[in-house]
Amino acid sequence: MHRKLIHNSYACPKWLEYFLIHLGVLVGMAGPLGMVRTHDLRDWAQRQPDCHSYLRHGRGLWVDGWWQLHCELRLEHPPVFRLEPGLLHDRVLLFMERTWMLQQLPLAVVLAALGGWPWVIWGISVRVLVSVVGHWLIGYFAHNRGAMEHEVVAAVVQGRNVKWMSYITMGESWHNNHHAFPGSAILGIYDDQPDPGWWVLNALHRLGLAWDIVLPGDLSPRKNLRPLTSRASLGTGGKRPGNCPVPRSRR
Ligand SMILES: [Zn+2]
Ligand SMILES: [Zn+2]
């Protein structure tokens, strides 16, 4: 959902996109448009020379946890975001946005039929709790601790690659790579960076269900991107797995 709905880094059939977004909504954080807005606000703020500590996970673990999980940031002069018309007029997305909490219900009915209340509690309540707390924790580490391959010059905060979280986050914890190449469909760009989300995308591609996959080498070079390691200075454009297609355009 992150790599498709937010970054449009590959193309797939509409039904598959809706299904993946539905899975993203089931995580329990917000509706699809709410998640796009939150992501874009953070993305924008983290690229500025300075921003509120809330938006860059800039305080200690416990303060950040309290803020992110229990508080709401209200800016006096918030930036204006206009969602793309394609998103704003998509009836399925609007429906998902209105009913995002209710979307747990069909799953709850199935779980109740299979195993009664214990399955509902573990399959819905505990899962949502673990996912929401886990999402915050990964966001905290991915902006505070971990290796860096690139620096986005003059940005208030840098993404970090959090190796030990790579499997449980489906590769999303290679966050330094994501800050460097936001439009890339692959996040674990080097061989020692496992990226299960990328493996899923490759499997979908083999099934003919994903195409026009964008990789770091397809993005236009950014002047404010400074390599910090020797392999980063060699560039990443050369990495194109054998089963990966040529992208639709060079962005
Ligand atoms: Zn970030
Ligand atoms: Zn992103």
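Further up the page is the structure itself.
Residues numbered from 1 in each chain as written. Chains lettered and ligands numbered in written order. Predicted model: local features only at pLDDT ≥ 70, side-chain atom pairs only at ≥ 80, totals over all residues. Heavy atoms only, no water.

Asks: Quick rundown of the overall build of the chain? Include the residues and the values.
Replies: Summing up its helical and strand segments, the chain has 11 helices and two strands in all. Along its sequence from the N terminus, the chain presents helices and strands in the succession α-α-α-α-α-α-α-α-β-α-α-β-α. Considering the chain as a whole, with its 251 residues, one finds that 45% of them fall into the buried category. Of all intrachain contacts in the chain linking residues separated by at least 6 positions in sequence, the fraction that spans at least 24 positions is 65%. Of the roughly 13900 Å² of accessible surface on the chain, a fraction of 64% belongs to carbon and sulfur atoms. Here the chain contributes 26 positively and 18 negatively charged side chains, and the mean placements of these two sets differ by 1 Å. (Helix = DSSP H or I, 4+ residues; strand = E, 2+ residues; numbered from the N terminus. Buried < 20%, exposed > 50% of the residue type's maximum accessible area, 1.4 Å probe, protein only. Contact = heavy atoms within 4.5 Å. Areas by Shrake-Rupley, 256 points an atom, 1.4 Å probe, with all protein chains shown as cover. Lys, Arg positive; Asp, Glu negative; His and termini not counted. Charge placed at Lys NZ, Arg CZ, Asp CG, Glu CD.)

Asks: Describe the side chain of aspartate 90, listing the residues and the values that go with them.
Replies: Its location among the elements puts aspartate 90 in the loop between α6 (85-88) and α7 (91-98). Leaving out residues up to four positions away in the same chain, aspartate 90 has contacts with Lys14 and Tyr18.

Asks: Could you give an account of the state of the cysteines, naming the residues involved and the relevant values?
Replies: Evaluation of the coordinates by the stated rule reveals zero disulfides. Among the cysteines around cysteine 51, which has no disulfide bond, cysteine 71 carries the closest sulfur, lying 17 Å off. Look at cysteine 71 and you get partly exposed, because its relative accessible area is 30%. (Disulfide = S-S within 2.5 Å.)

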